[in-house]
Amino acid sequence: MSLDELYTSPQIAKRLGVSRQRVDQLVESGQLPNPVGRSGRNRLWRASDIELALAGSDPATGRPPTPAWGTIPAPEGPLRLDVDEVLDVPGIWSIDETPRVHVRIWRGPAGGTQRTVVLYGALAESHGIIVNFAESIVRAIAARHLSVGEARGAWYFGFWPRGFPRPELGLHYVSFAFPRVSGTGGLLDSLLRRGSRDAWNGEFEEPVWQNITPEQLTRVLGAAPDLDFPPGTYTASVVTALAAGRRPAVVDFDPKGLASQLRQVMRLHTYRSALQAGDYTRDGLPALGLLTGSGHDEAARTAEALGIAVRVLVPSALVAVEDYRAQSAADDPGAALVERRFHQPGQAETDLLLRYANMSDRDLTTGAVHRALTTVRSLTAALADQAETGGPQADTELSEALAAAEPELVSTRHLLDPSLIDDPGPSLKAITEPGDAEHAYLATVSWWGPAAGDAHRAAALRGHLWEKDLDGLRTGYDPFGRLVLHNPTTGSLAVERPRALPPTPYPDGAEVVATYGSLTAFVRLPDGRCDILPTDPRDIYDDITWGYEGSGPETLARALSFAALSHPDPEHPLRLEDRTASLASYLLELTASLPQYEPLTISLQALRRRQ
């Protein structure tokens, strides 16, 4: 029976075991759809529309019945695979790029009617959307491939490959609720009556998932579908290759980014070797400012730092190498579907990894790692300025390698001394409606610049402003060397909020001041200068509010504990939890009780008396 088979009134009567007059009554009552046309004196109905009406749905929920998977009629033969493609899913506003799913649709006769089965899969590029946006996905599938009756009568299944979110593959039958319509049974959607060729433009609501096994899906389809993709290979390119008949699909496999890690290690090592050879002024090697002043001694210290940077990158690369070797040696049931070509290092890369891995750990001290981290950040800033200004010594590969090494250096430093905290650099913030606190801060800024080497900092700050704020923007520095951008016409400003202790403790006569809504607090000093209140870098949040119980006031309480109160050992500042219970409670209650919509003023002297 084809999808376009049509029923006549006598055929419907025979299908139901009722008279033709009863068929007419069911049509008039809305329990059966209206005919889609005529052939002579005979009225015609689309077969799938009639079968859909007979299947019905739960009158209480509008949800189609859940099949009994062990007893459903098997198809007369394997259902025909009509659709096998990667589909864009538009209209998901919370995702920047249009997500994609793998869509397969099978059709064919089963149990005396037409069966349509839709399987949509979670591609590696857009894994999460098949849970959070099931309605949007199925609506997009139906609009492209299904008629009205078919959209209501199809069986929908969601698929997760092995490795996401669990090691084993996942299959779900997805049942949607459909809006009820008038009629004694409330079983038919009004869109059904618009004709068999209408595209679906209805709604899928409140999906419910039921776990099923691959064997149950095989019974539904009459044949086993391709499901056993090796972990990490269920991608749009693989799906497209398989749909085109290329089996197995061959992929270059590097989910851990080993090629990138090897490139970073080699670039840092090459740069280090040139410095050790005194060759740091040759063409193609960045002639950075920190090397030109002190010559060979500074180059040697920089080479030492880069050696440590390479060492902290090597363990991750070695783990990836061993993982790939183990996977390539193991039998994978999905190998007939996808052949993975694992990335492996060359001999020179292998030798270099082992050389650094076998170095003694004696020189890997907290101080050495800290010096390496400082050097990496200095090099990164200098290269960023070269790139921003189009300088001749810009080096994209070296910048990438340094950026990869920095977080590994931070982690290594914390492993060597967990009590140390690290300055992650400023938190950039735009303030669109300055108040008294912001104007007090602006009054202390010197308007010039940006200084040589700060082009990248200025560019980063500009990125936090609206386009309307860029015309007439002025650049300056506050008394503590922080870059400030301000538009006197629109009032907007962008600042570098610190995430480290002030160089010297604030005096008792200082005050913390803030404007409601700016999410930034300032420290007004007795000598007229104005600083930005640092927030604790060990905390996730750095937006400050007050006047209620929540993360904003807690952030302010933590900032006061961190920057306004004294620490027995400034090298190891206390967290809020390390304070006495009474002091911690006082700070939390203070920030929660201050008037929320009024300007904030807190005396440091009063806080310290409480301490």
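Novice: Which residues make up the confidence of the model for the protein chain, and what values go with them?
Specialist: Looking at the protein chain, pLDDT values average 86 and 89% of them are 70 or higher. For residues 180-198, every residue scores under 50 in pLDDT, and the model assigns this stretch 46 contacts once sequence neighbours within four places are set aside.

Novice: Please set out the environment of Asp84 residue by residue, giving values where relevant.
Specialist: Checked against the element boundaries, Asp84 lands in strand S4 (residues 80-88). Along the primary structure Asp84 and Ala244 are separated by 160 residues, whereas in three dimensions their C-alpha atoms are 9.5 Å apart. Residues within four places of Asp84 in sequence aside, it is in contact with His102, Val103, Arg104, Val239 and Ala243.

Novice: Kindly report on the sheet that holds strand S1 (residues 6-8), identifying the contributing residues and their values.
Specialist: Judged by pairing direction, the sheet is antiparallel, and its 3 strands sit side by side in the order S1-S3-S2 without closing on themselves. The open sheet has two edge strands, S1 and strand S2 (37-39), and neither has a second partner. Between one strand and the next, the sheet's axes are offset by a mean angle of 45 degrees, whatever the strand orientation. Pairing between S2 and strand S3 (residues 42-46): 3 bridges, direction antiparallel. When the bridges of S3 are listed, Gly37 appears paired with Leu44.

Novice: Help me get a handle on the pairing of strand S13 (residues 474-477), residues and values and all.
Specialist: Where S13 lies against strand S14 (residues 483-486), 4 bridges are found, and the strand directions are antiparallel. Looking at the pairing, Thr475 lines up with Leu485 of S14. In this structure, the hairpin formed by S13 and S14 is closed by a connection of 5 residues, where Gly481 is found at a positive phi of approximately 80 degrees.

Novice: How would you summarise helix H18 (residues 581-593) if you had to cite specific residues and measurements?
Specialist: Under the 1.5 Å per step criterion, the end-to-end length of H18 is 18 Å for 13 residues, consistent within 8% with the ideal 18 Å. Those residues of H18 lying buried are Leu583, Ala584, Leu587, Leu590, Thr591 and Ala592. In this fold, the buried residues of H18 make contact with helix H17 (551-564), strand S19 (600-603) and helix H19 (604-610).

Novice: Before we move on, could you go through the sheet that holds S4 and cite the residues and values that matter?
Specialist: Taken in spatial order, the 6 strands of this open sheet run S4-S5-S6-S7-S8-S9, and their pairing is mixed. Two strands close off the open sheet at either side, each with one partner strand: S4 and strand S9 (205-211). Between one strand axis and the next, the sheet turns by 25 degrees as a mean value, whatever way the strands run. Taken together, the 8 bridges between S4 and strand S5 (residues 100-110) define a ladder with antiparallel strand orientation. Bridging from a neighbouring strand, Leu87 pairs with Val101 of S5. Along the sheet, helix H8 (residues 236-243) makes contact with S4 and S5, crossing S4 at roughly 150 degrees.

Novice: Break down unusual backbone geometry for me, with residues and values.
Specialist: Negative phi values dominate among residues other than glycine, just as trans dominates among peptide bonds. Going from Arg247 to Pro248, the amide bond is cis rather than trans, its omega being 0 degrees. Omega for the peptide link from Gly449 to Pro450 comes to 10 degrees, which places this bond in the cis form. Note that Pro450 resides in the loop between helix H15 (436-442) and helix H16 (455-462). At Glu206, a residue that is not glycine, the phi angle is positive and equals roughly 45 degrees. Structurally, the position occupied by Glu206 is in strand S9. The phi angle at Leu519 is positive, at roughly 65 degrees, despite the residue not being glycine. Note that Leu519 resides in the loop between strand S16 (511-514) and strand S17 (521-524).

Novice: Please provide a residue-by-residue account of the nonpolar core, values included.
Specialist: Within the largest apolar cluster, 40 residues are counted, with the highest numbers of intra-cluster contacts made by Leu258, Leu268, Leu306, Ile308, Leu353, Leu402 and Leu409. Only helix H9 (258-276), helix H11 (296-329), helix H12 (347-357), helix H13 (366-389) and helix H14 (396-416) provide two or more residues apiece to this core. The residues contacting Leu409, other than those within four sequence positions of it, are Ile308, Ala309, Val312, Val369, Ala372, Leu373 and Val376.

Novice: Any details on the packing of H17 against H18? Residues and values, ideally.
Specialist: In helix packing, the relevant descriptors are the interaxial angle and the interaxial distance, both defined with respect to the helix axes. Where H17 meets H18, the closest approach of the two axes is 8 Å, and the angle between their N-to-C directions is 130 degrees. The orientation of H17 relative to H18 falls into the category oblique. As for the relative orientation of H17 and H18, their crossing is right-handed in sense. Across the interface between the two elements, Pro553, Glu554, Leu556, Ala557, Leu560 and Ser561 from H17 touch Leu587, Leu588, Thr591 and Ala592 from H18. A breakdown of the residues in the contact of H17 with H18 according to their chemical character gives 7 nonpolar, 2 polar and 1 charged.

Scoring rules and cut-offs
- Residues numbered from 1 in each chain as written.
- Predicted model: local features only at pLDDT ≥ 70, side-chain atom pairs only at ≥ 80, totals over all residues.
- Heavy atoms only, no water.
- pLDDT = per-residue confidence, 0-100.
- Contact = heavy atoms within 4.5 Å.
- Helix = DSSP H or I, 4+ residues; strand = E, 2+ residues; numbered from the N terminus.
- Pairing = 2+ DSSP bridges.
- Axes fitted to C-alpha atoms, helices over the stretch in contact; angles between N-to-C directions.
- Expected span 1.5 Å × (residues − 1).
- Buried < 20%, exposed > 50% of the residue type's maximum accessible area, 1.4 Å probe, protein only.
- Core = buried A, V, L, I, M, F, W, Y, C linked by side-chain atoms within 4.5 Å.
- Parallel < 35°, antiparallel > 145°, perpendicular 65-115°, else oblique.
- Left-handed = near helix turned anticlockwise from the far one by under 90°.
- Nonpolar A, V, L, I, M, F, W, Y, C, P; charged D, E, K, R; others polar.

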